[in-house]
Amino acid sequence: MSANAASRLLQHYVDNFRRLPWRSPPGSPPPEPYRVWLSEVMLQQTTVAAVTPRFERFLERWPTIEALAAAPEADVMQEWAGLGYYARARNLIACARAVAAMGGFPASEAELRKLPGIGAYTSAAVAAIAFGEAEVPVDTNVERVVARLHALTDKSAVPAFAKAMMPEGRPGDFAQAMMDLGASICRPRAPLCTQCPLAADCRAFALGTPEAFPTPKPKTIRPQRYGIAWWIERDGLVWLVRRPAKGMLGGMAALPGPDWQDEPVTANAIAWVTHVFTHFALDLTIVPVAEPCGEGWWQPIDRLSEAGLPTLYRRAAEAALAGMTALAA
Ligand code: SF4
């Protein structure tokens, strides 16, 4: 990237930066690594709008990495409920404990990457934004901007191009400027090229086909799986269990039920929900049962929101309650 293009990009960032609770305004001291790391973990597969209030609540409850490291695992999983991808929450706890034991976050990308749950993207983001290391975190937004600027169909070349584009100094601002440009201007569909500070340097724009870069991934067909959840209700209470620590929704509160399977289930149901996970779709059939089973607890139905149910089971509980009401009518 020419020095001119880089300074246009940075100026565009200064004029338009998004005020987010994990960021520092351009020109001010960098945010704490704890904030950058926590936000980047939360933002994987989850939108900024969904993350913002959850980030603030999380930080109020555990204002430091040491506080998070000392938190009981069940409390963190409960606070994470609804954000999805629960392996992230388990890694979050492991990482917090490792960092607290080390006395703080290491300041280099290479050391950060050795921590649990921290991959190439998060380590580069924390190193660049919190510690000013010359790294470019490449998420899907940055990947799209770089691929279009250089008319790259093959995404594997993007990280090398991204690093070569970085101007001297201000790596944190550069990383965030690229992230913001991808999120708000260089959008997947209908990019706003006429408002883009990099339009004069963009090969995809010059070709007139920005949306052709990078080549889209072929759509994957998700397999269908099936499950049963038991609705066990008594005197305004419902029986909940905790899922095994390993596997899908590991360690999360749930309605009890047998393992999910590949064959459709037939049962006397009161409700059904369909939920799409990354690698499969699940049809969950909700069946009323009289007696509690397995290890669990009675949760007051009017305080279900405090149980930390992940989205699948929250929706299943809502469907079950609607089904029971219809049955009683
Ligand atoms: S000119 Fe258009 S395609 Fe190129 S980087 Fe800017 S928004 Fe993206």
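By convention here, each chain's residues receive numbers from 1 onward along its written sequence. Reporting in this predicted model follows two pLDDT cut-offs: at least 70 for local features of residues, and 80 or more for side-chain atom pairs to be given and counted; totals over whole chains, interfaces and linings ignore these cut-offs and use all residues. With hydrogens and water set aside, each side-chain value is computed from the structure's full complement of heavy atoms.

Naming follows an unreviewed UniProt entry, where the protein appears as Adenine DNA glycosylase of Sphingomonas alba. UniProt positions are given in the numbering used here, feature names are shortened, and annotations may be inferred rather than shown by experiment. Recorded in UniProt for the protein, the comment headed Sequence similarities (unreviewed entry) runs: "Belongs to the Nth/MutY family."

K.L.:
What exactly am I supposed to notice about empty space enclosed by the protein here?
P.N.:
Any space left empty among the atoms is revealed by the rolling of a water-sized probe across them. The distinction between a cavity and a pocket rests on a 1 Å grid over the protein atoms alone: a 1.4 Å probe fits inside a cavity but cannot get out, while a pocket stays open yet meets protein on both sides within 12 Å along at least five of seven lines, and a residue with an atom within 4 Å of a point counts as lining. Grid points are joined across faces, edges and corners, and a volume is the space filled by probe spheres set on the points. Using the criterion set out here, one finds one cavity of 30 Å³ or more in the structure. Estimates place the volume of the largest cavity at around 110 Å³. Looking at the largest cavity, it is lined by 15 residues, and the ones nearest its centre are Arg 148, Cys 186, Cys 193, Cys 196 and Cys 202. Looking at the lining of the largest cavity, the element that brings in the most residues is helix α9 (residues 140–149), giving three residues. The nonpolar class holds Ala, Val, Leu, Ile, Met, Phe, Trp, Tyr, Cys and Pro. Asp, Glu, Lys and Arg form the charged class, and all remaining residues, Gly among them, are polar. When its residues are assigned to classes, the lining of the largest cavity shows 14 nonpolar, no polar and one charged. Only runs of H or I of at least four residues qualify as helices and only runs of E of at least two qualify as strands under DSSP, and these elements are numbered from the N terminus.

K.L.:
Would you take a moment to explain the packing of aromatic side chains for this structure?
P.N.:
The way to describe two aromatic rings as a pair is by their centre distance and the angle between their planes. Pairing of aromatic side chains requires ring centres within 6.5 Å, counting the rings of Phe and Tyr and the six-membered ring of Trp. Pairs whose planes differ by under 30 degrees are stacked, by over 60 edge-to-face, and all others tilted. Under the criterion given, the structure shown has 10 aromatic pairs. Taken together, a centroid distance of 4.9 Å and an interplanar angle of 65° make the contact between Phe 58 and Trp 62 edge-to-face. Judged by relative accessible area, which is 1%, Phe 58 ranks as buried. Trp 62 sits in the buried class, given a relative accessible area of 7%. Taking 6.1 Å as the distance between ring centres and 85° as the angle between the ring planes, the aromatic pair formed by Phe 58 and Trp 80 counts as edge-to-face. One end of the pair, Phe 58, is in helix α3 (residues 48–61); the other, Trp 80, is in helix α5 (residues 73–80), and 22 residues separate them in sequence. As far as burial versus exposure is concerned, Phe 58 and Trp 80 are alike and both buried. Each residue in the set Tyr 34, Trp 37 and Phe 105 is aromatic and connected to the rest through ring pairs, giving one cluster. Sitting over the ring of Phe 280, Arg 225 keeps its end group 5.5 Å from the ring centre. Lysine NZ or arginine CZ positioned within 6 Å of the ring centre and within 35 degrees of the ring normal marks a charge as sitting over the ring. Positioned above the aromatic ring of Trp 260 is the side chain of Arg 243, whose terminal nitrogen or guanidinium carbon lies 4.7 Å from the ring centre. In this scheme, a residue with accessible area under 20% of its type's maximum is buried, one over 50% is exposed, and one in between is partly exposed, where area comes from a 1.4 Å probe on protein chains only.

K.L.:
Help me understand the site of the ligand in this model?
P.N.:
Close to the ligand lie Arg 148, Ile 185, Cys 186, Cys 193, Cys 196, Ala 199, Cys 202, Phe 205 and Pro 210. Of the residues in the shell around the ligand, the class split is eight nonpolar, no polar and one charged. Near, as used in this document, describes a residue that has one of its heavy atoms within 4 Å of the molecule or strand being considered.

K.L.:
Can you walk me through the pairing of strand β3 (residues 237–242) in this structure?
P.N.:
Looking along a regular strand, one sees side chains alternate from face to face of the sheet. Across two bridges, the pairing between strand β2 (residues 233–234) and β3 is antiparallel. Following the sheet pairing, Glu 233 is matched in β3 by Val 238. One ladder, built from five bridges, connects β3 with strand β7 (residues 296–300); its direction is antiparallel. Counted as the bridge partner of Val 241 is Gly 296 from β7. Two strands are said to pair when DSSP picks up at least two bridges between them. One ladder, built from two bridges, connects β3 with strand β4 (residues 253–254); its direction is antiparallel. Along β4, the bridge assignment pairs Val 241 with Ala 254.

K.L.:
Even after reading the chapter, I still don't get the pattern of salt bridges, so can you show me in this structure?
P.N.:
Oppositely charged side chains may form a pair once their charged atoms are brought near each other. Within this document, salt bridges are pairs made up of a side-chain nitrogen of Lys or Arg and a carboxyl oxygen of Asp or Glu, the two lying within 4 Å of each other. Applying the stated criterion across every chain, the model contains 16 salt bridges. Across the salt bridge formed by Glu 111 and Lys 114, the nearest N and O atoms sit 2.8 Å from each other. Given a relative accessible area of 62%, Lys 114 falls into the exposed group. It is possible to trace a salt-bridge network through shared partners that takes in Arg 57, Arg 61, Asp 75 and Glu 79.

K.L.:
Whenever I open this one, unusual backbone geometry confuses me. Can you help?
P.N.:
Peptide bonds are mostly trans, and most non-glycine residues show a negative phi. Going from Phe 213 to Pro 214, the amide bond is cis rather than trans, its omega being -15°. On the secondary structure map, Pro 214 appears in the loop between α12 (203–207) and β1 (224–231). The backbone phi angle of Gln 45 is positive, close to 70°, even though this residue is not glycine. The phi torsion at Leu 249 lies on the positive side, around 55°, for a residue other than glycine. As for its placement among the helices and strands, Leu 249 is situated in the loop between β3 and β4.

K.L.:
Before we go on, may I ask you to explain the sheet that holds β1 in this structure?
P.N.:
Remark on secondary structure: sheet strands pair via backbone hydrogen bonds, oriented parallel or antiparallel. With respect to topology, three strands assemble into an open sheet ordered β1-β6-β5, the strand pairing being mixed. Each edge of the open sheet carries a strand with a single partner, namely β1 and β5 (271–276). Averaged over all neighbouring strand pairs, the angle between strand axes comes to 25°, with direction disregarded. Direction of pairing for β5 relative to strand β6 (residues 281–288): antiparallel, over a ladder of six bridges. Following the sheet pairing, Trp 272 is matched in β6 by Thr 285. Here an angle of 0 to 180 degrees is reported between the N-to-C directions of two axes, which are lines fitted to C-alpha atoms, with helices fitted over the stretch in contact.

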